[in-house]
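# Summary of the model geometry
In case you want the letters, here they are:
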Amino acid sequence: MAGPAIELRGVTKRFATPKGGIYTALRDLTLEVGPGEFCAVVGPTGCGKSTTLALISGLELASAGEIRVEGRPVRGIADGVGYVFQSDAVFPWKTVLENVAAGPRYHGMSSAQARARARDWISRVGLAGFEDRYPHQLSGGMRKRVGLAQSLINGPRILLMDEPFSALDVQTRTLMENELLSLWSSTSASVVFVTHDLEEAIALADRVVLLTAGPGTVKGTYTVDLPRPRNVAEIRFQPRFAQIYEAIWSQLRDEVLVSYERQKHAAAV
Amino acid sequence: MSVRSTLPRSEVGSQNPHPDPPSQAGEGKPVEAPVDVELAKRRSRTARRRRLTIYGLRVLFAVVWLGSWELTTRLNWVDPFFVGQPSGVVQRLWTWITEGTALGPLWLQAAVTMEEALLGFLVGSLLGVVFGILLGRIDLLAEVLSPFIKAANAIPRVVLGSLFAIMFGLSLSGKAATAVVLVFFVVFFNAFQGVREVDRNLVANARILGADNRRLTTEIIIPSALSWILASLHISFGLAIVGAVVGELFGATAGLGQLIYNAGHTFDVNGVFAGMFLLAVLALIAEGLISALENRLIKWRPSRVSGEIPI
């Protein structure tokens with residue numbers, strides 16, 4: 001087997017706060033994601049989950065430690081990385097078609113070719129017939145589909161997802177989770193899926209990584225040995241699912257309490 | 001542990017792939033129940049009635065305002081020599097249209113002023129957009145230049161009109177230059193702010209998707225700043241007219257500003273009002289054209305919320 005697709009070794013990330021202080025988001029984080037693995041990262045609010053993704057993508061650079069993607073150290077935005085954002089990041093002045101075609105065009109593909117590929121991806125995420133709509137004419141779930149198609153069309157070998165479905169209603173969310181799994185199974189991409197929702201993490205992932213309350217570092221990793229293909233809506237009824245959930249939750253609970261106490265303290269100051 | 005959904009996969013798959021259809025369904029009219037049709041009818045009737053009421057009240061307002069002005073001057077409660085008279089203004093306009101003004105035919109005066117204003121508007125907004133985007137994108141430039149820009153903005157810029165009158169003489173460029181300095185700052189600040197307010201998520205997304213710096217500017221930054229820039233253009237054309245008129249006051253051979261200036265100096269209050277009226281009409285026409293341009297350029301934006309009052 002080749003080396004890990006993503007490798008973080010002793011990574012620390014500090015930010016300068018507006019008041020001149022220093023905030024440590026991640027401390028000595030070590031994490032590996034294998035090729036084609038679906039890895040979910042869970043942790044309490046403010047534990048640096050999103051920062052982890054920003055570091056892997058190259059949008060932010062680490063303060064200390066080493067990050068390698070496909071064996072190469074990250075020095076900036078790397079090729080072959082897709083990123084699905086928490087909030088809407090589709091371009092509101094572009095139609096669905098133009099939004100999805102953006103990636104290939106940025107990589108130098110001709111406009112006509114990019115559009116043809118975009119049409120294919122639009123129908124794959126179930127939006128055929130909506131090519132000429134603007135994002136404001138779509139619902140939240142449909143905009144998420146556009147966002148998915150937009151990143152997947154570039155054929156990323158690494159797919160980073162930052163709580164992508166957290167803004168959706170419960171039914172739409174389950175639907176999208178299932179579609180994500182079926183889209184992913186047709187690729188060989190390694191996924192890092194950040195979420196605060198433990199159920200979602202277990203239902204989707206091969207492995208769940210639990211981060212401590214900030215500054216985040218790995219508290220534990222848990223293998224999810226549930227069979228694939230999975231149906232997200234039903235998998236949670238399996239006894240094995242409940243076992244895994246309990247095992248992780250007993251650890252996560254402490255971190256959530258720590259994070260909550262800190263927030264209360266910060267609010268009181 | 002909660003259960004989020006109980007829909008099995010097979011059912012989910014066989015359902016409409018779009019569980020959340022767009023609110024603005026353009027194609028295919030849904031079958032409406034008779035109650036809905038009746039409701040829609042009643043609603044459009046109410047809306048029409050309301051529109052008619054508003055138009056009626058507007059006319060009433062104008063009649064009361066102009067009527068009381070006309071009446072009080074006619075009855076000599078106030079002296080029309082100082083405050084003018086609506087009928088006198090109409091008469092003056094009519095004379096200008098049929099016999100021309102002291103400076104030549106009326107359309108020529110309007111054309112001269114509009115030419116100055118338009119030139120100033122185009123140059124001023126172009127410079128404003130270019131500098132706004134440049135300084136918005138390049139932090140060093142913004143930090144170096146910011147005290148100078150603030151200082152320049154603090155000057156009451158209409159006084160530059162006298163300077164331009166010396167530099168450019170009675171020519172068109174002097175008036176256009178006054179318009180340029182008025183327009184530039186408004187557009188500049190808006191463009192700058194627009195660039196600064198670009199959603200960081202959108203920029204991050206574009207960079208991940210592979211956009212280089214040039215694409216980032218043309219495809220993300222500029223479209224995003226466009227609504228700010230266009231908003232400033234609304235005010236800017238009015239300012240361009242102010243610039244042109246002020247420029248004419250400092251010395252000109254033609255133009256509506258010069259016409260007003262002459263009327264003022266010959267104690268022709270009606271002439272001043274007539275000139276103002278013409279300027280207002282021209283500014284409103286320009287405003288309408290800019291709105292049309294805005295709607296064309298920003299067709300991706302949600303349409304205006306009904307009931308919003310366009311002031």
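Residues numbered from 1 in each chain as written. Chains lettered and ligands numbered in written order. Predicted model: local features only at pLDDT ≥ 70, side-chain atom pairs only at ≥ 80, totals over all residues.

Within chain A one finds eight helices and ten strands. Taking 269 residues into account, the globule formula puts the C-alpha radius of gyration at 18 Å, and chain A, at 19 Å, falls close to it. Residues counted as buried form 48% of the 269 residues belonging to chain A. If you take every contact in chain A between residues at least 6 apart in sequence, the share linking residues at least 24 apart comes to 69%. (Helix = DSSP H or I, 4+ residues; strand = E, 2+ residues; numbered from the N terminus. Rg over C-alpha atoms; globule rule 2.2 N^0.38 Å. Buried ≥ 20, exposed ≤ 12 C-beta atoms within 10 Å, placed from the backbone. Contact = placed C-beta atoms within 7 Å.)

Within chain B, the regular secondary structure consists of twelve helices and zero strands. Along chain B, helices and strands appear, N-terminal first, in the series α-α-α-α-α-α-α-α-α-α-α-α. A separation of at least 24 residues holds for 75% of the contacts in chain B among residues at least 6 apart in sequence.

This brings us to the sheet that holds strand E4 (residues 64-69) of chain A. The strand order across the open sheet built from four strands is E2-E1-E4-E5 (chain A), with neighbouring strands paired in antiparallel fashion. Of all strands in the sheet, those with a lone pairing partner are strand E2 (22-33) and strand E5 (72-73) of chain A, marking the two edges. (Pairing = 2+ DSSP bridges.)

Turning our eyes to something else, we now look at the environment of Tyr245(A). Mapped onto the secondary structure, Tyr245(A) falls in helix H8 (residues 239-268). Residue Tyr245(A) is classed as buried on the basis of its 21 C-beta neighbours within 10 Å.

Further remarks concern the nonpolar core. Counting residues in each nonpolar core, the largest one holds 132 residues, and the members touching the most others are Val100(A), Val192(A), Ala205(A), Val208(A), Val183(B), Ala191(B) and Ala240(B). It is helix H8 (residues 172-196) of chain B that provides the largest number of residues to this core, a total of 15 residues. (Core = buried A, V, L, I, M, F, W, Y, C linked by C-beta atoms within 7 Å.)

Residue and element names in this part refer to chain A. Its domain assignment divides chain A into domain 1 (1-80 + 159-183 + 192-269) and domain 2 (89-155). The gap between the C-alpha centroids of domain 1 and domain 2 is 26 Å. Considering every element that reaches the side of domain 1 that touches domain 2, the biggest residue donor is helix H5 (residues 170-185), with three residues. Split by residue class, the side of domain 1 that touches domain 2 holds seven nonpolar, one polar and no charged. (Domains from an automatic or database assignment. Nonpolar A, V, L, I, M, F, W, Y, C, P; charged D, E, K, R; others polar.)

What follows covers helix H10 (residues 213-249) of chain B. Residues and elements named next belong to chain B. Taking 1.5 Å per residue, 37 residues should reach 54 Å; H10 reaches only 46 Å between its end C-alpha atoms and comes up short. Residue leucine 226 marks the point of greatest curvature in H10, where the axis turns by about 40 degrees. Count one or two residues on from H10 and you reach glycine 251, which has phi positive near 135 degrees. (Expected span 1.5 Å × (residues − 1). Bend = angle between axes of the 7 residues up to and from the residue.)

Residue position: Leu170(B) is located in the loop between helix H7 (160-168) and H8. Leaving out residues up to four positions away in the same chain, Leu170(B) has contacts with Gly251(B), Ala252(B) and Thr253(B).

Turning our attention to unusual backbone geometry. Cis rather than trans, the peptide bond between Arg228(A) and Pro229(A) has omega equal to -5 degrees. Take Pro229(A): it is sitting in the loop between strand E10 (218-223) and helix H7 (232-235). Its identity as a non-glycine residue notwithstanding, Glu70(A) has a phi of 55 degrees, on the positive side. With respect to the helices and strands, the residue Glu70(A) is situated in the loop between E4 and E5. With phi around 60 degrees, Asn76(B) is a residue other than glycine that occupies positive phi space. Relative to the helices and strands, Asn76(B) is located in the loop between helix H2 (34-74) and helix H3 (80-83).

We now examine the sheet that holds strand E3 (residues 38-42) of chain A. Residues and elements named next belong to chain A. As summarised here, the arrangement of the six strands in space is E6-E7-E8-E3-E9-E10, forming an open sheet in which the pairing is mixed. Two strands lie at the open edges of the sheet, namely strand E6 (81-84) and E10, each paired on one side alone. Averaged over all pairs of adjacent strands, the angle between their axes in this sheet comes to 15 degrees, without regard to strand direction. Most of the contacts of helix H4 (residues 140-152) go to E6, to which it runs at about 170 degrees, and overall it touches E6 and strand E7 (158-162). (Axes fitted to C-alpha atoms, helices over the stretch in contact; angles between N-to-C directions.)

All names here are of chain B. Where helix H5 (residues 106-137) contacts helix H11 (residues 256-265), the two axes come as close as 7 Å, and the packing angle between them is 120 degrees. With respect to each other, H5 and H11 are oriented oblique. Residues Gln109, Ala110 and Thr113 of H5 form the contact with H11, whose participating residues are Leu256, Gly257 and Leu259. Here the residues of the contact of H5 with H11 are counted per class, giving three nonpolar, three polar and no charged. (Parallel < 35°, antiparallel > 145°, perpendicular 65-115°, else oblique.)

All right, on to the pairing of strand E1 (residues 6-16) of chain A then. Working note: regular strand, side chains alternate between the two faces of the sheet. Residues and elements named next belong to chain A. With eight bridges joining them, E1 and E2 adopt antiparallel strand pairing. Looking at E2, one finds that arginine 14 is bridged to threonine 24. Joining the antiparallel neighbours E1 and E2 is a turn of five residues, in which glycine 20 adopts a positive phi near 100 degrees. Bridging between E1 and E4 involves five bridges; their strand directions are antiparallel.

Attention now moves to the packing of H11(B) against helix H12 (residues 269-297) of chain B. In a packed pair of helices, the relevant descriptors are the angle between the two axes and the axis-to-axis distance. Residue and element names in this part refer to chain B. In contact at an axis separation of 8 Å, H11 and H12 are set at 160 degrees when each is read in the N-to-C sense. Classified by the interaxial angle, the pair formed by H11 and H12 is roughly antiparallel. At the point where H11 passes H12, the crossing takes the left-handed sense. When H11 is examined against H12, the residues Leu256, Leu259, Ile260, Ala263 and Gly264 are found in contact with a partner set consisting of Gly271, Val272, Gly275, Met276, Leu278 and Leu279. Taken together, the residues of the contact of H11 with H12 sort by class into eight nonpolar, three polar and no charged. (Left-handed = near helix turned anticlockwise from the far one by under 90°.)

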